[in-house]
Amino acid sequence: NVNLAPPGLDPINMANLPSLKEQRIWLDVGETDYTRPGVEQLHVALERSGVEHTYKIWPGAHDDSLWAAHLTDYLEFYMLAWRR
C-alpha cells in the first residue's frame, strides 16, 4: 500500500528518482477499487516528476475479474521490451 512502506521504499517518495525516467511504468486500477486513491496519488507524483507512465482506470473493483479482463493489455505492455 502506498505510504505504508519505509520512506526510502515508499513509491510516492521514489517518484523523484532520476532512474525512474528510464523505466517503463504501468499503473492501472478499477473505478471502484479500494486502492484507487493511492494509485491516483502515485500517478500524480509521477506526472509532477516528469516520469512517463501508462495510467488506466478500468470499470470494476480490485478482483480477479478485472485482472483477467486486461491480461492481454498487461502482456502487450511487458512484451514491448522484448526483441523480435
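Just above sits the structure.
As a starting point, this report considers the structure included with it. (Residues numbered from 1 in each chain as written. Predicted model: local features only at pLDDT ≥ 70, side-chain atom pairs only at ≥ 80, totals over all residues. Heavy atoms only, no water.)

1. Focus: the overall build of the protein chain
Then, number 1: Scanning the protein chain for helices and strands turns up 4 helices and 2 strands.
Then, number 2: N-terminal to C-terminal, the α/β element order of the protein chain is α-β-α-β-α-α.
Then, number 3: For the C-alpha atoms alone, the extent of the protein chain along its principal axes is close to 35 × 35 × 20 Å.
Then, number 4: Residues classed as buried in the protein chain amount to 27% of the 84 residues present.
Then, number 5: For the protein chain, restricting intrachain contacts to residue pairs at least 6 apart in sequence, the fraction spanning at least 24 positions comes to 65%.
Then, number 6: Total accessible area on the protein chain stands at roughly 6200 Å², and carbon and sulfur atoms take up 55% of it.
Then, number 7: Side-chain charges in the protein chain split into 7 positive and 12 negative, and the spacing between the mean points of these groups amounts to 9 Å. (Helix = DSSP H or I, 4+ residues; strand = E, 2+ residues; numbered from the N terminus. Buried < 20%, exposed > 50% of the residue type's maximum accessible area, 1.4 Å probe, protein only. Contact = heavy atoms within 4.5 Å. Areas by Shrake-Rupley, 256 points an atom, 1.4 Å probe, with all protein chains shown as cover. Lys, Arg positive; Asp, Glu negative; His and termini not counted. Charge placed at Lys NZ, Arg CZ, Asp CG, Glu CD.)

2. Regarding helix α2 (residues 36-48)
Then, number 1: Taking 1.5 Å of rise per residue, 13 residues should cover 18 Å, and α2 covers 18 Å from first to last C-alpha, within 8% of that figure.
Then, number 2: Next to the buried residues of α2 lie α1 (11-14), β1 (26-30) and β2 (54-58).
Then, number 3: Directly beyond the C-terminal end of α2, a positive phi value near 75 degrees is found at G50. (Expected span 1.5 Å × (residues − 1).)

3. Thoughts on a nonpolar patch on the surface
Then, number 1: A surface patch of nonpolar side chains, about 670 Å² in accessible area, is lined by W67, L71, L75, Y78, M79 and W82.
Then, number 2: Tallying contributions element by element places helix α4 (residues 71-79) first for the nonpolar patch, with 4 residues.
Then, number 3: In this fold, W67 is placed in helix α3 (residues 64-69). (Patch = residues over 30% accessible without salt bridge, like charges linked within 9 Å, V, L, I, M, F, W, Y side chains within 5 Å. Salt bridge = Lys/Arg side-chain N within 4 Å of Asp/Glu carboxyl O.)

4. Observations concerning the environment of L42
Then, number 1: By secondary structure assignment, the location of L42 is in helix α2.
Then, number 2: Residue contacts for L42: discarding those within four places in its chain leaves P11, I12 and L27.

5. Comments concerning the packing of aromatic side chains
Then, number 1: One pass over the full model with this rule turns up 3 aromatic pairs.
Then, number 2: Here the aromatic rings of W26 and F77 are separated by 5.3 Å at their centres, their planes lie at 55 degrees, and the arrangement is tilted. Taken together, the positions of W26 in strand β1 and F77 in helix α4 put the pair 51 residues apart, joining distant regions of the chain.
Then, number 3: By relative accessible area, which is 21% here, W26 ends up partly exposed.
Then, number 4: A ring pair is formed by F77 and Y78, whose centres lie 5.8 Å apart and whose planes are at 65 degrees; its orientation type is edge-to-face.
Then, number 5: Counting every residue linked through ring pairs, the aromatic cluster contains W26, Y74, F77 and Y78. (Phe/Tyr/Trp six-rings, centres within 6.5 Å; stacked < 30°, edge-to-face > 60°.)

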